[in-house]
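Geometric and topological summary
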Amino acid sequence: MRLEGVGADMENKTVLLVEDSPDTRIIYSTILQHNGYTVLQAETGEEGLRLAREAMPDLILMNVSIPLVDGWKATALLKRDPHTAHIPVIAVTAFTRKTDKRKAREVGCDGYIPKPADPTRVLAEVQRFLGMPSMPPAQPPLTTPTTPLEAI
Amino acid sequence: MSAAALIVIFAAFGAGALLGTRRRTPAQPDTFLLCAHAFAELEQAADPRTGVERLAQGLTGLADAVVVEVCTPELPPLRGAAHVQTDQNMALAALAQRAGTQRLLPDVPAPRTVRAAELGNELAAQLGAAETVLAPVNTARGQYGTLLLARNAAAVPEAVAAEIALRIALAMENSQLSHDAGLAEAAKSDFLAVMSHELKTPLNIVLGYADLLSIGVPTPLPDAARGHLERLRASARELLARIDEILNFARMDSDAAPPTPVQVNLASLVREIAPSFTTAARSRGLEIDLQLEDDLTLTTDHDRVAQIVFNLMANAIRFTREGKVTVSVKRADRGATVVVRDTGVGIAPEHLEHVFEPFWQVNRTATRTVGGLGLGLSTARKVARSIGGDISVSATVGSGSTFTLFVPERDVLRYENRTGEHEA
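This is a predicted model, so every value here is computed, not measured. (Residues numbered from 1 in each chain as written. Chains lettered and ligands numbered in written order. Predicted model: local features only at pLDDT ≥ 70, side-chain atom pairs only at ≥ 80, totals over all residues. Heavy atoms only, no water.)

1. Examining the packing of helix α1 (residues 22-34) of chain A against helix α5 (residues 119-130) of chain A
Residues and elements named next belong to chain A. As a reminder, the rule being used: Convention adopted: a line fitted to C-alpha atoms gives each axis, helices being fitted over their contacting stretch, and angles between N-to-C directions are expressed from 0 to 180 degrees. Secondary structure is summarised from DSSP: a helix means a run of H or I of at least four residues, a strand means a run of E of at least two, and numbering begins at the N terminus for each. Each angle gets one of four labels, with under 35 degrees taken as roughly parallel, over 145 as roughly antiparallel, 65 to 115 as roughly perpendicular, and the rest as oblique. For any helix crossing, the convention is left-handed if the near helix is rotated counterclockwise from the far helix by under a right angle, and right-handed if that rotation is clockwise. Only heavy atoms enter the contact rule, under which two residues are in contact if any of them lie within 4.5 Å. Amino acids are sorted into nonpolar (Ala, Val, Leu, Ile, Met, Phe, Trp, Tyr, Cys and Pro), charged (Asp, Glu, Lys and Arg) and polar (every other residue, Gly among them).
At a closest axis distance of 9 Å, the pairing of α1 and α5 adopts a crossing angle of 50 degrees. Here α1 lies oblique to α5, going by the angle between them. Note on packing geometry: the crossing formed by α1 with α5 is right-handed. Every residue of α5 that contacts α1 at Ile-27, Tyr-28, Ile-31 and Leu-32 is listed here: Pro-119, Thr-120, Val-122, Leu-123 and Val-126. When the residues that make up the contact of α1 with α5 are grouped by side-chain class, the tally is eight nonpolar, one polar and no charged.

2. Considerations on the sheet that holds strand β1 (residues 14-18) of chain A
Residues and elements named next belong to chain A. Test applied: Any two strands between which DSSP finds at least two bridges are classified as paired.
Across the sheet, five strands lie side by side as β2-β1-β3-β4-β5; this open sheet has parallel pairing. Each edge of the sheet is formed by a strand with only one pairing partner; in this case those strands are β2 (38-42) and β5 (111-114). Sheet twist, expressed as the average angle between the axes of neighbouring strands with direction ignored, equals 20 degrees. Note that strand β4 (residues 89-93) and β5 share four bridges and pair parallel. Each residue of the ladder has a partner; that of Ala-91, found in β5, is Tyr-112. Packed on one face of the sheet, α1 meets β1, β2, β3 (59-63) and β4 and runs near 165 degrees to β2. Along the sheet face, helix α2 (residues 45-55) touches β1, β2 and β3 and points at about 140 degrees away from the line of β2.

3. Thoughts on α1(A)
Here is the rule we go by: For a helix, the expected span equals 1.5 Å multiplied by the number of residues minus one. Relative accessible area decides the class of each residue, using a 1.4 Å probe on protein chains only: under 20% of the type maximum gives buried, over 50% gives exposed, and in between gives partly exposed.
Between the first and last C-alpha of α1(A) there are 18 Å, a value that for 13 residues agrees with the 18 Å anticipated at 1.5 Å per step. Every buried residue of α1(A) is accounted for by A:Thr24, A:Arg25, A:Ile27, A:Tyr28, A:Ser29, A:Ile31, A:Leu32 and A:Gln33. Where the residues of α1(A) are buried, they touch β1, β2, β3, β4 and α5 of chain A together with α6 (158-214) of chain B. Two residues or fewer after α1(A) comes A:Gly36, characterised by a positive phi angle close to 95 degrees.

4. Quick look at the pairing of strand β12 (residues 400-408) of chain B
Residue and element names in this part refer to chain B. Where burial is concerned, most of β12 is hidden: seven out of the nine residues are buried. Across seven bridges, strand β10 (residues 335-342) lies against β12 in antiparallel orientation. Bridging from a neighbouring strand, Ala-336 pairs with Val-407 of β12. The antiparallel pairing of strand β11 (residues 390-396) with β12 creates a hairpin that spans three residues between the two strands, and Gly-398 there sits at a positive phi of about 90 degrees.

5. Quick notes on the pattern of salt bridges
All names here are of chain B. Spelled out, the test is: Any carboxyl oxygen of Asp or Glu within 4 Å of a side-chain nitrogen of Lys or Arg constitutes a salt bridge here.
For the coordinates displayed, the defined rule picks out 23 salt bridges over all chains. Between Arg-98 and Glu-122 there is a salt bridge, with the nearest N and O atoms lying 2.5 Å from each other. Separated by 24 residues along the polypeptide, Arg-98 in helix α4 (residues 86-98) and Glu-122 in helix α5 (residues 122-127) bring together distant segments of the chain. Look at Glu-122 and you get partly exposed, because its relative accessible area is 47%. Close ionic contact of Arg-271 with Asp-294 constitutes a salt bridge, the shortest N to O distance being 3.1 Å.

6. With respect to the interface of chain B and chain A
To keep it simple, the criterion reads: Two parts placed together each lose some accessible area; with a 1.4 Å probe, that loss summed over both constitutes the buried area. Polar contacts here mean pairs of N or O atoms no more than 3.5 Å apart (in protein, one a potential hydrogen donor and the other a potential acceptor; neighbouring residues in sequence count only if both atoms are side-chain atoms).
Opposite the 15 residues of chain B that make contact, chain A presents 18 residues. Between chain B and chain A lies a buried interface of about 1,400 Å² when both sides are counted; carbon and sulfur atoms form 66% of it. Our count for the contact surface shared by chain B and chain A stands at zero salt bridges. For the pair chain B and chain A, the number of links is one residue pair in polar contact (both at pLDDT 80 or more). Breaking the side of chain B that touches chain A down by element, the ones donating at least two residues are α6 and α10 (302-318) of chain B. Ranked by residue count, the leading element in the side of chain B that touches chain A is α6(B), at six residues. Classifying every residue of the side of chain B that touches chain A gives seven nonpolar, five polar and three charged.

7. A look at unusual backbone geometry
At the junction of B:Val217 and B:Pro218, the peptide bond is cis and its omega measures out at 5 degrees in the coordinates. Inspection of the secondary structure assignment puts B:Pro218 in the loop between α6 and α7 (223-254). The residue A:Met56 is not glycine, and still its phi comes out positive at about 45 degrees. Among the secondary structure elements, A:Met56 is positioned in the loop between α2 and β3. Classification of A:Met56 as partly exposed rests on a relative accessible area of 36%.

8. Focus: the sheet that holds strand β3 (residues 112-115) of chain B
All names here are of chain B. The antiparallel open sheet is built from five strands, whose spatial order is β2-β1-β5-β4-β3. In this open sheet, the two strands that pair with only one neighbour each are β2 (78-83) and β3. Strand-to-strand twist in this sheet, taken as the mean axis angle between neighbours without regard to direction, amounts to 15 degrees. Pairing between strand β4 (residues 131-139) and strand β5 (residues 142-151): nine bridges, direction antiparallel. By the bridge assignment, Val-133 is partnered in β5 with Leu-149. Packing against the sheet, helix α3 (residues 48-58) makes contact with β1 (65-70) and β2, and its axis sits at approximately 20 degrees to β2. Each of β1 and β2 touches α4; the most contacted strand, β2, lies at about 165 degrees to it.

Set out below in structure tokens:
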């Protein structure tokens, strides 16, 4: 288990980032850590599933096009498992057609961010679900509009 | 094929009637009809091989035996062979199949009438003592092969054979040309799509890191550095927009998928898109004015309409230096219109028809200052037509342009018909 948090405050909310691009992982985890979240990282759907079950994160950011088990399937598996079903999953995907938004809802995603998503948008979406972290960041909270799945 | 080609055949048969009235009048209407049907078989077949086979069968009313042999550079010869008598038909077809790469018919420079025996091969025995006409299957571009028409009673007039042979040659040429054109088109679209994707992925990474720096992560930058960073971000976004423009244009050529009709509220659709232009509009001091009928819902393809509106708004903002861009949504007869009006440079009357051509720009110097590839409007119109709508334009030089998108209420039948004629 890789825990890379800011400070040792155990109240920090934990975000699991499932993403195969190393740069995208760095960009998203940097802004989340900077704003007081603890970030776990997985490169594949399989690793994502394992980490989700072991670490029970507060939220999962799930890229859909990832190796081994794709994001749709991983989400469906997590939502079927009573231990992990309550964890909010936000799909991050380059598939931006209406049908894919429907697919996100079908497999049980709680939110949806179309790619490419700038880091502030990802942060805002995480904040919408988890609220501000217990250790306030140096920056003021960012208020980029987000797309709640219900509105799609 | 065109009516003109049919007239040529009529004329050829007419000439045949004059020149070749030996024992029988060859230009009877039933001969013409028979040939017309055989040609239709040739042209409507899924592939040249089937076409040639069906043509041979179709011509057995004109001749007792028909053999078409067409050579293509990379494949073994295509053959169609048919005989009026069922048993002979089978034997002839089997022979044609067996021949493989060996030619059954000689190349001839011009139509000529010979005794079947003169062919001097297995085929000669199969045709018996028939009167045989050989005609070259060729066009100005090249020789494709030979046509043989054999008849026991009297030879088929050479002019008729020549005309049929020409039709086969033209069909071969068409099939080759459309095959080549299709390959070239697909290769172009694939190339553009792959290139665009390969360019976008690293560019989004560039933008991601720049975004982090811009909000002071990991550490706030000095003001002078921020200035540079913001210029870097603006250029990266501009580059991304141009890549998207190419990608969408390429996609229109390769994406033959039928539209996906869903319930679309046009006012919400415009409100979703408009924020994409807030930054660009604000930086030029432009106002974006939305005049939307809220309860206007119709059945159409949401994503395609969104793409069109996006392109029209991007175009309006790009060519407007001051004033405002107005987007209005109104009900129309059997559909709705989305009107994008700007107070920009306008378009001269002689240029109005050209604005929808790909890569077209009013002039190159204006292009330098305004930027863009000139694909947005071309793509928009193609997409509009793919959902049964269209875009029209009116403009005055110096005082602005108005683009009107008509979005029809989905008509199920029309949608189904359109999917087959995507290029239209």
